[in-house]
Amino acid sequence: PYLSLLFTGPIHLNSSSAKTKSNVATVNKPVTTMASTNTVEGSAALQDELDALNAKITKQGSHVRALKKASSSNVDEVSSAVDALKQLKLTAETLRAKKELLDPTAQFNRKSFDELILRKMFIVPSFEIHGGVKGLFDLGPPACAVKAAMVDAWRKHFVLAESMLEMECTCLTPEAVLKTSGHVDRFTDLMVKDPVSGECFRADKLLEDAIDELIEENPDMPAVEKEGHLRIQIQADAFSPAELDEQLVKYGCKASNDEPYGPSFPFNLMFKTSIGPEGTAVGFLRPETAQGLFVNFRRLLDANAQKMPFAAAQIGLGFRNEIAPRSGLLRVREFCMGEIEHFVNPDDKSHPNFSSVASKELVLFGRVDQLGSGKTKTITVGEAVSIGLVNNETLAYFMARTQLFMEKIGMDPTRLRFRQHLTTEMAHYACDCWDLEIKSSYGWVECVGHADRACYDLLVHGKATKTAMEATLKLDEAREVEVAKLKFNRKALGKTFKADQRVVANALEGLAENWKDFEPIATALETDGKTTVDGFEIMKDMLTWKKSSKKVHEIKFTPSVIEPSFGMGRILYSLLEHCFYQRDADEQRCVMKFKPAVAPHKCAVLPISSGAEVNALVDEIAAELMGCDMSTRVDKSTAALGRRYARVDEIGVPFAVTVDFDSLTDGSVTLRERDSMAQIRLPKSDVARIVFDFVHGRFTWEEAIAKYPVVQVKED
């Protein structure tokens, strides 16, 4: 009941994988039974139909978004497009249900999974004894350890391997920073409040739901009347507060005790606070970690000895005051993010290490395929860049590195894909965007964003603070460039701009460094006699100019930013789901198949009896393991050995050492591998070294069973 599932920020559930309404959802380790050829072929045929239908849904959805944005759109046209989209989605749901009936073996037992996650304290509701708070969860000991190992792997894989500059910026952010980035203005929804309970709701969603209910309750409603209601529904998110209040009254939207809702008001999804005792300085808990890296760009460039390109990274908490948190841990109010900002020359987005990943194959779902066949392509990174599917080498490089990271921590590669943003989804300044989506029982969930953000972030912060966010490219040979030579009418500038005279002159001189930048200014002044630069109106009589050329030995530029952004919480949840299975389809024998590198405990040490001599040997082995920085679980309880094996299987411990009576005489112990349940006999002095090598990928279980004798142990 607490964990209808899990983690961070805005969630993208692809229409091809909408969640089911039962406790058993598609995805995860299938039970190994033989399916008939007809069933397999029938399922494949239905999947082909679904792929084609999903492409139509994506295309129609893009069409609807474009119509809503266009001011010239006809209301009837928009209404018709929305109806067509709803019909396509309904057809897809029917096909999906048929496919699931044909393939009952590929099931994920959500009920057992949720019970295990809660019972073993992977994740629990925050402040549970006080009733809990929506959108807040606590990580228990196993998940805390898995997350710590996952973050450590992320830091080694990216920050250390790529020589990135890591920062830890404050979570508390002044309003000016987030005003500049656009968060203050863009993170707003209209809300209404229940006057009795005080609970808040999104006003537009209440209106949309009320219209849906009205239409469902009146199936014989005349077409003209229905069309009128749908027109109102389409405009729900575009109404002003007063207009929305009027519509809520019209459609009888009422709060508890049949009372009307309070008036609509704007609600920003950031957590607002005040900085300092005076209460006059407004601040917010950061909704993302990136802004701290952007505003420190100049210091980071100095720290990197002015060398370009370079990357900065940060891992930490983000906060979002979700109105209605849902999907368990997939949409929460506090979440961990790992973000990389790779600063690069906008005219050269090649990557020096691209050749090392060029042959790596990725599953790509480009926008053309989303709108066409509905099928993904498996293609090498090198080919994707060469044919223009991925915009540039640096973006593709980080996509490949992300795939490698996911495989390293134990994610199922068959349930990973990269989906390209449609043109209607991208910000106006973005060059290309790809989301790594992970398939879980919730469908395809975006977990890592890869965006070429162009120069937008540095430009807006530079403009707002009048700070040059620039890097320098040293030229091997002097280059001749076209510039504008300016002569200012200081009297006219001073009279108009007074104290801002120097600011205006500096802005114009900055543009004059490149004729391409200054030419639109010159054209506007010649044509209209005036133009605007950085918010200042410039008149033609304030300056004269002349096109010229000069030799330069360096070129200044504002870097572009390639940003991989990791939702660590979503990745953690997906990993939990991918690692969960039930041994021999037995609901009582749940296993978490974590890779040794990210397992919460690397090894368990279990005594065969409670004798003092046996326990002393157990403590000795455990101390050796922990002395090698490997978390170790010791279970000296009187439960049956098989039961104790099952306990450590449930929290994903990959290896278990058993100390028995023979250990006291010959110094040997058994070592059990979790998934195969196979055991080998080895000297206790070898245990710490062998397990250490397993964890660090230097030795495999296959090599171990070839080196040491395999023993047969009955676990029942």
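To be clear, the structure that these remarks concern was listed above.
Here is a short report on the structure shown in this document. Throughout this document, residue positions are counted from 1 along each chain, in the order its sequence is written. Local features in this predicted model are restricted to residues whose pLDDT is 70 or higher, and side-chain atom pairs enter the listing and the counts only when it is 80 or higher, whereas totals over whole chains, interfaces and linings include all residues. As a convention, hydrogens and water are excluded, and side-chain values are obtained from all of the structure's heavy atoms.

## Describing the overall build of the protein chain
Point 1. A count of helices and strands for the protein chain gives 24 helices and 31 strands.
Point 2. Along the first, second and third principal axes, the C-alpha atoms of the protein chain reach 100 × 75 × 60 Å.
Point 3. Exposure classes here rest on a 1.4 Å probe applied to the protein chains alone. A residue is buried below 20% of its type maximum, exposed above 50%, and partly exposed in between. Looking at the protein chain as a whole, 49% of its 716 residues qualify as buried.
Point 4. We call two residues in contact whenever any of their non-hydrogen atoms come within 4.5 Å of each other. Once local pairs closer than 6 in sequence are excluded, the contacts in the protein chain between residues at least 24 apart make up 71%.
Point 5. Residue-level accessible areas treat just the shown protein chains as cover; the underlying method is Shrake-Rupley with a 1.4 Å probe. Approximately 34900 Å² of the protein chain is accessible, and the part contributed by carbon and sulfur atoms is 52%. Numbering of helices and strands runs from the N terminus; a helix is a DSSP stretch of H or I covering at least four residues, while a strand is a stretch of E covering at least two.

## A closer look at unusual backbone geometry
Point 1. Along the chain, Met-308 connects to Pro-309 via a cis peptide bond; the corresponding omega equals -5°.
Point 2. Here Pro-309 lies in the loop between α11 (297-303) and β12 (310-319).
Point 3. A positive phi is found at Met-121, a non-glycine position, where the angle reads about 55°.
Point 4. Residue position: Met-121 is located in the loop between α3 (110-119) and β3 (123-125).
Point 5. The phi dihedral of Asp-534 falls on the positive side, at around 50°, and the residue is not glycine.
Point 6. Locating Asp-534 in the fold gives a position in the loop between β20 (530-533) and β21 (536-539).

## Comments concerning the sheet that holds strand β31 (residues 710-711)
Point 1. The sheet built from six strands is open, its strands ordered β27-β26-β28-β29-β30-β31 with mixed pairing. If you trace the sheet from one side to the other, it starts and ends with β27 (632-634) and β31, each paired once.
Point 2. Here a strand pair is declared whenever DSSP counts at least two bridges between the two strands. For strand β30 (residues 679-683) and β31, the ladder comprises two bridges, and the chain directions are antiparallel. Looking across to β31, one finds that Gln-679 is bridged to Val-711.
Point 3. Between N-to-C directions, angles span 0 to 180 degrees; the directions come from axes that are lines fitted to C-alpha atoms, helices contributing only their stretch in contact. Helix α20 (residues 612-627) contacts β26 (603-607), β27, β28 (655-659) and β29 (668-673) of the sheet and is inclined by roughly 170° relative to β26.
Point 4. Taken strand by strand, helix α23 (residues 684-695) contacts β26, β28, β29 and β30, and its axis lies near 125° from that of β30.

## Regarding the packing of helix α4 (residues 141-160) against helix α19 (residues 568-579)
Point 1. It is at 11 Å that the axes of α4 and α19 come closest, and there the two elements cross at 115°. Crossing handedness for the pair α4 and α19: right-handed. On α19, the residues that touch Ala-143, Val-146, Lys-147, Met-150 and Trp-154 of α4 are Met-568, Ile-571, Leu-572 and Leu-575.
Point 2. Residues are grouped as follows: nonpolar covers Ala, Val, Leu, Ile, Met, Phe, Trp, Tyr, Cys and Pro; charged covers Asp, Glu, Lys and Arg; every other residue, Gly included, is treated as polar. Among the residues making up the contact of α4 with α19, the classes are represented as eight nonpolar, no polar and one charged. Less than a right angle of anticlockwise turn of the near helix away from the far helix marks a crossing as left-handed, whereas a clockwise turn marks it as right-handed.

## Side note on the sheet that holds strand β11 (residues 281-285)
Point 1. The strand order across the open sheet built from three strands is β6-β11-β10, with neighbouring strands paired in antiparallel fashion. Taken across any chain shown, the strands that pair with only one partner, and hence form the sheet edges, are β6 (172-174) and β10 (272-275). With direction set aside, neighbouring strand axes in the sheet form an average angle of 45°.
Point 2. Note that β6 and β11 share three bridges and pair antiparallel. Bridge pairing in β11 places Thr-173 opposite Phe-284.

## A look at the nonpolar core
As a rule of thumb, nonpolar side chains are buried together in soluble globular proteins.
Point 1. Residues belong to a common nonpolar core when they are buried Ala, Val, Leu, Ile, Met, Phe, Trp, Tyr or Cys residues joined through side-chain atoms within 4.5 Å. Ranked by internal contacts, the top residues of the largest apolar core, which has 79 residues, are Trp-154, Leu-364, Met-406 and Ile-571.
Point 2. Counting 26 residues, the second largest nonpolar core, distinct from the first, contains Ala-622, Val-659, Ile-690 and Phe-699.

## Some thoughts on the pattern of salt bridges
Point 1. A carboxyl oxygen of Asp or Glu within 4 Å of a side-chain nitrogen of Lys or Arg is what we treat as a salt bridge. All chains considered together, the criterion is met by 34 salt bridges.
Point 2. A salt bridge links Asp-152 to Lys-156, with the nearest nitrogen and oxygen atoms 3.1 Å apart. Linking Asp-152 with Lys-156, this pair stays in helix α4, spanning four residues, or about one helical turn.
Point 3. Linking Asp-649 and Arg-672 is a salt bridge whose minimum nitrogen-to-oxygen distance equals 3.0 Å. One end of the pair, Asp-649, is in helix α21 (residues 641-650); the other, Arg-672, is in strand β29, with 23 residues separating them in the sequence. Arg-672 carries the same exposure label as Asp-649, and that label is buried.
Point 4. Taken together, the shared-partner salt bridges connect Arg-417, Arg-419, Glu-425 and Glu-437 into one network.

## Some points on helix α18 (residues 515-528)
Point 1. Every helix has an expected span of 1.5 Å times one less than the residues it contains. In this model, α18 (14 residues) spans 19 Å end to end at C-alpha, consistent with the 20 Å of a helix rising 1.5 Å per residue.
Point 2. Among all positions of α18, only Trp-515, Phe-518, Ile-521, Ala-522, Ala-524 and Leu-525 are buried.
Point 3. Along its buried surface, α18 packs onto β19 (471-488), α17 (501-512), β20, β21 and β22 (543-557).
Point 4. Two N or O atoms count as a polar contact when they lie within 3.5 Å, although within protein this holds only if one can serve as hydrogen donor and the other as acceptor, and sequence-adjacent residues are included solely when both atoms are side-chain atoms. One side-chain oxygen at the N-terminal end of α18 lies 2.9 Å from the backbone nitrogen of Lys-516; it belongs to Asn-514.
Point 5. Positive phi appears at Gly-529, one or two residues downstream of α18, with a value of about 80°.

## Let's talk about the pairing of β20
Point 1. Burial of the side chains of β20 is restricted to one face: Thr-531 and Val-533 are buried, whereas none of Lys-530 and Thr-532 on the reverse face is.
Point 2. Sheet topology places β20 next to β21; four bridges connect them, and they run antiparallel. In the sheet register, Lys-530 faces β21, and the bridge partner there is Met-539.
Point 3. Here β20 folds back onto β21 in antiparallel fashion, the turn holding two residues, of which Asp-534 has a positive phi close to 50°.

## Some details on the environment of Arg-583
Point 1. By the element assignment, Arg-583 lies in the loop between β24 (580-582) and β25 (590-592).
Point 2. The exposure class assigned to Arg-583 is buried, which follows from its relative accessible area of 5%.
Point 3. Separated by 92 residues in sequence, Arg-583 and Asp-675 place their C-alpha atoms 8.9 Å apart.
Point 4. Beyond its immediate stretch of four places on either side in the chain, Arg-583 contacts Arg-589, Val-591, Asp-649, Arg-672, Arg-674, Asp-675 and Met-677.
Point 5. Within polar-contact distance, the side chain of Arg-583 engages the backbone oxygen of Asp-675 at 3.3 Å.

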